[in-house]
Structure formats: structure tokens, C-alpha cells
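# A closer look at the structure
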Amino acid sequence: AAMIPAGMYMYSVFVCAPVCAVERTGVMDSIKRSRQLCIGHRWWLLLLGIVMGIIGGIAAMFLQMPFVAEQVSSAGAAKSMGSLIAEAVGNIFVVMPLGALVPAMCYVELRAVKEGVDPDGIVGVFD
């Protein structure tokens, strides 16, 4: 039961990195701003995090499928090198890009919903 408040806090700082990059704030101000933007939307962010986890798990599963027979034949043994490489590839090419893109997209959407700022207005800070 103690995990629920910790998880909800984690999703209240979900857009902390995009806030820091776009609004050029410090760490503590980025955390405060992220919490401000995420209020009222944390359950949706939690659901999004679950979906991201499922997508990453499915990708890892498909990448490791060629090595499953090898693992079954040596039951109880450690993961094979091929399986470990496939897991790393899945993380590098699927999970990590999702982990970078989704908070950025959520930041843009939260700004649009809460403040009416269009994506072009957010992109303007990089000019």
C-alpha cells in the first residue's frame, strides 16, 4: 500500500526533464513545475507508464524469442549471451526512446491542456 503514494509522486514529476530543458529552470523549480502540470492527470500518466512497460516487455520478448529454446534446453542455467544482447538491444532501441519521447510529448500536451500553449509556441524557445 505504501507503493501507491510513491508511484503517484513519481508520476507527478514525469515531465521534469522536458520542463528543465524547455523552460530552462533548475532542478527544484523543474520538480515544482512538473508537479503543477501533472496535477489532475497523474492517473493517466500512470496508465501511460503501464502501457509503455507492456510495449517494452513485448519488444524484449520478441527479440529474445530466438534464444528461448537455448534457455529451455539448459534449464536452470543463467541467461545466454545472445539473450542478454537481445535484451540490451530491446532496451536501447525500444524502451529508451519511448522513455525519452513520452515525457516530452506529455509535457507538450499538458501545456496545451492547462495553459493553451500550442506546440509551435513551445518550439519557439529553441530559436
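Now for a look at the structure at hand. Everything numeric in this text was worked out from a predicted model, so none of it was measured.

### As for the overall build of the chain
Counting its regular elements, the chain contains 7 helices and 0 strands. Reading the chain from its N end, one meets helices and strands in the order α-α-α-α-α-α-α. Residue burial in the chain is summarised as follows: out of 127 residues, 28% are buried. Taking contacts inside the chain between residues at least 6 apart in sequence as the whole, the part at least 24 apart equals 59%. Total accessible area computed for the chain in this model is approximately 8200 Å², and 73% of it derives from carbon and sulfur atoms.

### Focus: the packing of helix α2 (residues 16-23) against helix α6 (residues 81-115)
Axis separation between α2 and α6 bottoms out at 8 Å; the angle between their running directions is 70°. In terms of orientation, α2 and α6 fall into the roughly perpendicular class. The two elements α2 and α6 cross, and the hand of that crossing is right-handed. Across from P18, V19, V22 and E23 in α2, the residues of α6 making contact are P103, A104, Y107 and R111. Tallied by class, residues from the contact of α2 with α6 come to 6 nonpolar, no polar and 2 charged.

### Brief notes about the packing of helix α4 (residues 42-64) against α6
The N-to-C vectors of α4 and α6 enclose an angle of 155°; their axes lie 9 Å apart at closest approach. On the basis of their axis angle, the class for α4 and α6 is roughly antiparallel. Note that α4 runs across α6; the crossing there is right-handed. Between α4, through L45, L48, M52, I55, G56, A59, L63 and Q64, and α6, the contact on the second element is made entirely by S83, A86, E87, V89, G90, V94, V95, L98, G99, V102 and C106. A breakdown of the residues in the contact of α4 with α6 according to their chemical character gives 13 nonpolar, 5 polar and 1 charged.

About the thresholds
Residues numbered from 1 in each chain as written. Predicted model: local features only at pLDDT ≥ 70, side-chain atom pairs only at ≥ 80, totals over all residues. Heavy atoms only, no water. Helix = DSSP H or I, 4+ residues; strand = E, 2+ residues; numbered from the N terminus. Buried < 20%, exposed > 50% of the residue type's maximum accessible area, 1.4 Å probe, protein only. Contact = heavy atoms within 4.5 Å. Areas by Shrake-Rupley, 256 points an atom, 1.4 Å probe, with all protein chains shown as cover. Axes fitted to C-alpha atoms, helices over the stretch in contact; angles between N-to-C directions. Parallel < 35°, antiparallel > 145°, perpendicular 65-115°, else oblique. Left-handed = near helix turned anticlockwise from the far one by under 90°. Nonpolar A, V, L, I, M, F, W, Y, C, P; charged D, E, K, R; others polar.

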